[in-house]
Amino acid sequence: MSGLDIFAWIVLGVLLIAALVIWFVLAMLPGRIARARQHPQADAVNVAGWLGALFGGIFWPLALVWAFYKSEAAQVGGVPEADNTAVAKPPASKTSTGKTAAAKTPAGKAPAGKPAAEKTSAGKPSAGKTTARKKAAGKPPTGKTAEADQ
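A. The overall build of the protein, seen in detail. Looking only at helices and strands, the protein has six helices and zero strands in total. Ordered by position in the sequence, the α and β elements of the protein form the string α-α-α-α-α-α. In the protein, buried positions account for 15% of the 150 residues. Of the roughly 11900 Å² of accessible surface on the protein, a fraction of 66% belongs to carbon and sulfur atoms.

B. Main features of the side chain of Asn46. Tracing the sequence through the fold places Asn46 in helix H2 (residues 42–54). What Asn46 contacts, discounting residues up to four positions off in sequence, is Gly31 and Arg35.

C. Up close: the nonpolar core. Ranked by size, the top nonpolar core spans five residues in total: Ile33, Ala34, Ala42, Val45 and Ala67. Taken together, the elements giving at least two residues each to this core come down to helix H1 (3–36) and H2. Setting aside chain neighbours within four positions, we find Ala34 in contact with His39, Ala42, Val45 and Ala67.

D. Representation of the packing of H1 against H2 within the structure. Look at H1 against H2: their axes get within 8 Å of each other, and the N-to-C directions meet at 160°. Considering the angle they form, H1 stands roughly antiparallel to H2. You can see that H1 and H2 cross each other, and the crossing is right-handed. The segment H1 lies against H2, with Trp23, Phe24, Ala27, Met28, Pro30, Gly31, Ala34 and Arg35 engaging Ala42, Val45, Asn46, Gly49, Trp50, Ala53 and Leu54. Classifying every residue of the contact of H1 with H2 gives 11 nonpolar, three polar and one charged.

Reading the values: the criteria
Residues numbered from 1 in each chain as written. Predicted model: local features only at pLDDT ≥ 70, side-chain atom pairs only at ≥ 80, totals over all residues. Heavy atoms only, no water. Helix = DSSP H or I, 4+ residues; strand = E, 2+ residues; numbered from the N terminus. Buried < 20%, exposed > 50% of the residue type's maximum accessible area, 1.4 Å probe, protein only. Areas by Shrake-Rupley, 256 points an atom, 1.4 Å probe, with all protein chains shown as cover. Contact = heavy atoms within 4.5 Å. Core = buried A, V, L, I, M, F, W, Y, C linked by side-chain atoms within 4.5 Å. Axes fitted to C-alpha atoms, helices over the stretch in contact; angles between N-to-C directions. Parallel < 35°, antiparallel > 145°, perpendicular 65-115°, else oblique. Left-handed = near helix turned anticlockwise from the far one by under 90°. Nonpolar A, V, L, I, M, F, W, Y, C, P; charged D, E, K, R; others polar.

Right, here's the structure in full:
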């Protein structure tokens, strides 16, 4: 065995070790990406990545795409997060008869001591709010809605 043969065996060994390291890194890549992106099925993506690597790379591209895909409905328990923007209503005050104060007020009118609704049924600010904003800004009120004034 000459020096050239020994050098060839060393190069072959280094190439085999490099191929195994690359295979190992590629096999665990989908699972690591899924964990880094906090994927809800990160463990399943990890298993799919390893199975794809073991079976010659057939399923590996699917595992890689799955690692990047995160559906909106895939939350804890499969239930989307609740809308936290809703404001809780304060409990209605009870009168001496035990009925709520809101039951005694006519429809469309605010109970005594409560401010009127800020928006109309169409979702636009009421004329009263526009007038208050114009007074604060030093402009004379025109009676139009806020969208027309701006």
